[in-house]
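Listed below are the residues making up each chain.
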Amino acid sequence: DVKVTQSSRYLVKRTGEKVFLECVQDMDHENMFWYRQDPGLGLRLIYFSYDVKMKEKGDIPEGYSVSREKKERFSLILESASTNQTSMYLCASSLRGQNTEAFFGQGTRLTVV
Amino acid sequence: AQTVTQSQPEMSVQEAETVTLSCTYDTSENNYYLFWYKQPPSRQMILVIRQEAYKQQNATENRFSVNFQKAAKSFSLKISDSQLGDTAMYFCAFMKPRYNNNDMRFGAGTRLTVKP
């Protein structure tokens, strides 16, 4: 059974903290993604990676960075958390190629206080 | 950048009836893929159905079917014989395949409630 695992389901952090959100997939997928989900805005792409050490900015990269040192793991980093980064964060992965389905983790609900 | 619009923030339907969720998108591409994802209260996103833009035939998966109108850039989801388990957020998504990656763009979602 395919699996994308996010390290935390709920997280509470203080303003200014450095925050790491971890995502691991066991499907040997080349592509991995981080989305942010907010009511009324849907899912917005933060960053994606199509290979180890490769990354591309999505639509809302400001305030975030990512790391992909191993194929199965894709980390989202909030260098200095702010209250406007309170949100649901979804990780996804997919195979490279045409018409490939994205598989999602269960999400991390991050609250910055 | 491609944009995806879902104009119905919330919808409800009686159990066993049919409901249609709307989605429009904006692109200058000719080759692309469209998806409907379901997110139940458990938060786990699940693929419902997909459509290749080069195929004229509308995709069907059991009780789920789409009405794909390429010229109008419209991609609606029809759910027949609605069940209580269909209650969820539904997201329409657009993907333009590229060699290196297949990044996907989503609409704002439609919250569907199936009433007993």
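The structure under discussion appears in the preceding block.
Just so it is clear, the structure is predicted and the values come from calculations on it, not from any experiment.

Draft legend 1. The arrangement of the overall build of chain B in detail. Per the secondary structure count, chain B includes 0 helices and 12 strands. Secondary structure of chain B in N-to-C order comes out as β-β-β-β-β-β-β-β-β-β-β-β. Taken against the 2.2 N^0.38 rule, which gives 13 Å for 116 residues, the C-alpha radius of gyration of chain B at 14 Å falls within 12% of a compact globule. Summarising its shape, the C-alpha atoms of chain B cover approximately 45 × 30 × 25 Å along the three principal directions. Looking at the 116 residues of chain B, the share that counts as buried comes to 51%.

Draft legend 2. Layout of the nonpolar core. Residue and element names in this part refer to chain B. Core analysis: the largest hydrophobic core is formed by 25 residues, its most contacted members being Y25, W36, F75, L77 and Y90. Looking at this core, the elements with two or more residues in it are strand 3 (19–21), strand 5 (33–39), strand 6 (46–52), strand 8 (64–69), strand 9 (74–79), strand 10 (88–95) and strand 12 (110–115). When residues in this core are grouped by element, the largest group, 4 residues, is from strand 10. With residues near it in sequence (within four places) discarded, Y90 still touches Q6, L21, W36, Y37, K38, V48, F64, L77, I79, G109, T110 and L112.

Draft legend 3. Representation of the pattern of salt bridges within the structure. In the structure shown here, the tally under the stated rule is 11 salt bridges over all chains. Three or more residues are tied together by salt bridges with common partners; here these are A:R36, A:D38 and A:R44.

Draft legend 4. View of the interface of chain B and chain A. Taken together, the contact between chain B and chain A spans 26 residues of the former and 31 residues of the latter. Taken together, both faces of the contact between chain B and chain A bury some 2400 Å²; the carbon and sulfur share is 44%. One salt bridge connects B:R105 with A:D59, and the closest N-O pair in it is separated by 2.7 Å. There are 10 residue pairs in polar contact (both at pLDDT 80 or more) connecting chain B and chain A. Of all the secondary structure elements, the ones that give two or more residues to the side of chain B that touches chain A are strand 5, strand 6, strand 10 and strand 11 (104–106) of chain B.

Draft legend 5. Spatial organisation of the state of the cysteines. Residue and element names in this part refer to chain B. Counting across every chain of the model gives 2 disulfides over all chains. There is a disulfide in this structure between C23 and C92, and the S-S distance comes to 2.0 Å. Between C23 and C92 the disulfide shows an S-S torsion of about -70°. By sign, it is left-handed. In this pair, C23 is assigned in the loop between strand 3 and strand 4 (24–26) and C92 in strand 10, connecting sequence segments 69 residues apart. Take C92: its relative accessible area is 0%, and that puts it in the buried class.

Conventions used here
Residues numbered from 1 in each chain as written. Chains lettered and ligands numbered in written order. Predicted model: local features only at pLDDT ≥ 70, side-chain atom pairs only at ≥ 80, totals over all residues. Heavy atoms only, no water. Helix = DSSP H or I, 4+ residues; strand = E, 2+ residues; numbered from the N terminus. Rg over C-alpha atoms; globule rule 2.2 N^0.38 Å. Buried < 20%, exposed > 50% of the residue type's maximum accessible area, 1.4 Å probe, protein only. Core = buried A, V, L, I, M, F, W, Y, C linked by side-chain atoms within 4.5 Å. Contact = heavy atoms within 4.5 Å. Salt bridge = Lys/Arg side-chain N within 4 Å of Asp/Glu carboxyl O. Buried area = accessible area lost by both parts, 1.4 Å probe. Polar contact = N/O pair within 3.5 Å; in protein donor to acceptor, adjacent residues only side chain to side chain. Disulfide = S-S within 2.5 Å.

The values reported here are purely geometric and, on their own, carry no functional implication.
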